[in-house]
Amino acid sequence: MADSESGQEKTEEPTAKRLKESRDKGQVARSKELNTLAVVMVAAVALLMLGPAMVRKLMDIMVFNFSFEREALFGTDAMALHLFASVKEGLMVLAPLFGFLLVASIVGPIMLGGWLFSASSLAPKFERMNPLSGLKRMFSLKALVELLKALGKFLVVLSVALLVLHLRTDDFLTMGQEPLEQAIVHCAWALASALLILSASLILIAAVDVPFQLWDNKQKLMMTKQEVRDEYKDSEGKPEVKSKIRQMQREMAERRMMEKVPQADVVITNPTHFAVALKYDPLNRGAPVVLAKGADFIAQKIREVANENEVVVLESPPLARAVYYSTELDQEIPAGLYLAVAQVLAYVFQLRQYRAGQGKRPGPMPEPPIPDDLKK
């Protein structure tokens with residue numbers, strides 16, 4: 001297992017954040033052998049398809065350069081125009097091949113690691129000028145693998161080249177007996193086919209190099225347990241800070257909730273453990289809404305604010321518990337509690353009329369009916 005600079009073993013898989021950061025820096029798995037295979041293979045196929053036509057056009061250019069009028073020998077302008085025409089025609093002949101090679105050089109790297117452009121990878125890295133770092137790279141596992149790849153590539157290509165020469169010996173010898181133009185076209189085809197076979201031999205090298213590059217890149221991105229913990233703290237926040245933030249959020253929510261208690265029509269209590277403040281607006285034609293609710297200390301604060309603002313406080317333990325557990329803040333009570341809350345509000349309105357001197361004193365409030373599925 002790889003070790004970090006701190007001496008800890010890198011045993012943890014790279015996180016999504018680590019993978020994204022490495023990709024942003026241009027640190028992805030790349031295989032030079034795969035790129036070489038793509039370019040050489042495409043070049044061989046392109047030469048097989050375009051080779052005969054290219055050879056004929058290049059022979060025409062050669063004939064054109066040896067066939068000019070006598071006046072051109074004594075005119076520098078004519079010779080320059082002749083040369084310019086030859087170069088132009090030669091570039092047009094080679095343009096399709098260059099186009100295939102350009103596409104292959106772009107597609108090759110994309111095949112492993114995908115499309116990526118990172119400005120940070122272009123920045124100079126002064127640690128590469130450190131001789132000690134250079135020696136460390138020279139005697140690293142990656143350097144040994146590169147050496148073995150180079151040796152393997154040399155042996156594989158050499159073996160395939162010797163095999164091609166042995167199988168094509170008679171074919172090459174017969175070219176000397178063919179007419180010049182036919183021999184040149186035949187030679188171009190033979191060389192292109194040999195290049196295709198040689199490029200196919202690079203598949204073995206790429207098949208070894210690609211898995212190694214994927215493994216090596218993953219090993220570089222492996223993390224220690226401490227790095228994972230530090231990253232979690234950075235992304236999620238330290239537990240102490242998160243706890244403080246949650247505490248402040250609760251305090252702000254409680255303050256906002258307490259500010260709504262004076263607007264309530266009634267506060268129903270347990271009488272000591274729970275308290276819920278309800279508001280009914282007949283103009284909206286909706287059900288009563290829970291403005292505030294709380295248990296223990298918060299319930300006590302709700303009762304104190306209600307008493308300070310002359311909000312009716314009634315004791316009904318079953319209803320207080322039912323509303324507390326079934327309804328969130330600023331939400332309407334469930335349909336199962338409509339009848340119970342309606343009886344409480346009717347009692348509250350009678351009590352208000354009595355306090356205003358407009359009615360009789362109401363008797364004790366009957367216990368509101370609570371459905372079995374809402375009892376707590």
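The protein chain has the name Flagellar biosynthetic protein FlhB in an unreviewed UniProt entry, where Halopseudomonas sabulinigri is given as its organism. The record in UniProt for the protein chain states the following under Subcellular location (unreviewed entry): "Cell membrane". Here is the UniProt Sequence similarities (unreviewed entry) comment for the protein chain, exactly as written: "Belongs to the type III secretion exporter family."

Chemist: Hey, could you run me through the side chain of Ser31 in this one?
Modeler: Tracing the chain through its elements places Ser31 in the loop between helix H1 (16–24) and helix H2 (32–65). The class for Ser31 is buried, based on a relative accessible area of 3%.

Chemist: Honestly, the sheet that holds strand E2 (residues 274–279) in this entry has me stumped. Any pointers?
Modeler: Hydrogen bonds between backbone groups are what pair the strands of a sheet, and the pairing can be parallel or antiparallel. Strand order in the open sheet formed by 4 strands is E3-E2-E1-E4, and the pairing between neighbours is mixed. Across the chains shown, the open sheet's two edge strands, defined by having one partner strand only, are strand E3 (289–295) and strand E4 (312–315). The sheet shows a mean angle of 20 degrees between the axes of neighbouring strands, direction not considered. Docked against the sheet, helix H11 (residues 317–326) engages strand E1 (266–269), E2, E3 and E4, running at close to 75 degrees with respect to E2.

Chemist: I'm lost on the pairing of E3 in this one. Help?
Modeler: The side chains of a regular strand alternate, first on one face of the sheet and then on the other. Summarising burial for E3: 5 of the 7 residues are buried, a large majority. As paired strands, E2 and E3 are joined by 6 bridges and run antiparallel to one another. Of the residues in E3, the one forming a bridge with Val276 is Lys293.

Chemist: Is there a simple way to think about the packing of helix H5 (residues 141–167) against helix H7 (residues 180–221) in this case?
Modeler: A pair of packed helices can be characterised by two numbers: the angle between their axes and the separation between those axes. For the pair H5 and H7, the least separation of the axes is 8 Å and the interaxial angle reads 165 degrees. Considered as vectors, H5 and H7 are oriented roughly antiparallel to each other. In the packing of H5 onto H7, the handedness of the crossing is right-handed. On H7, the residues touching Leu141, Lys142, Val145, Glu146, Lys149, Gly152, Lys153, Val156, Val157, Val160, Ala161 and Val164 of H5 are Ala194, Ile197, Leu198, Ser201, Leu202, Ile205, Asp209, Phe212, Gln213, Trp215, Asp216 and Lys220. In terms of residue class, the contact of H5 with H7 is built from 14 nonpolar, 3 polar and 7 charged.

Conventions we followed
Residues numbered from 1 in each chain as written. Predicted model: local features only at pLDDT ≥ 70, side-chain atom pairs only at ≥ 80, totals over all residues. Heavy atoms only, no water. UniProt positions renumbered as here; feature names shortened; annotations may be inferred. Helix = DSSP H or I, 4+ residues; strand = E, 2+ residues; numbered from the N terminus. Buried < 20%, exposed > 50% of the residue type's maximum accessible area, 1.4 Å probe, protein only. Pairing = 2+ DSSP bridges. Axes fitted to C-alpha atoms, helices over the stretch in contact; angles between N-to-C directions. Contact = heavy atoms within 4.5 Å. Parallel < 35°, antiparallel > 145°, perpendicular 65-115°, else oblique. Left-handed = near helix turned anticlockwise from the far one by under 90°. Nonpolar A, V, L, I, M, F, W, Y, C, P; charged D, E, K, R; others polar.

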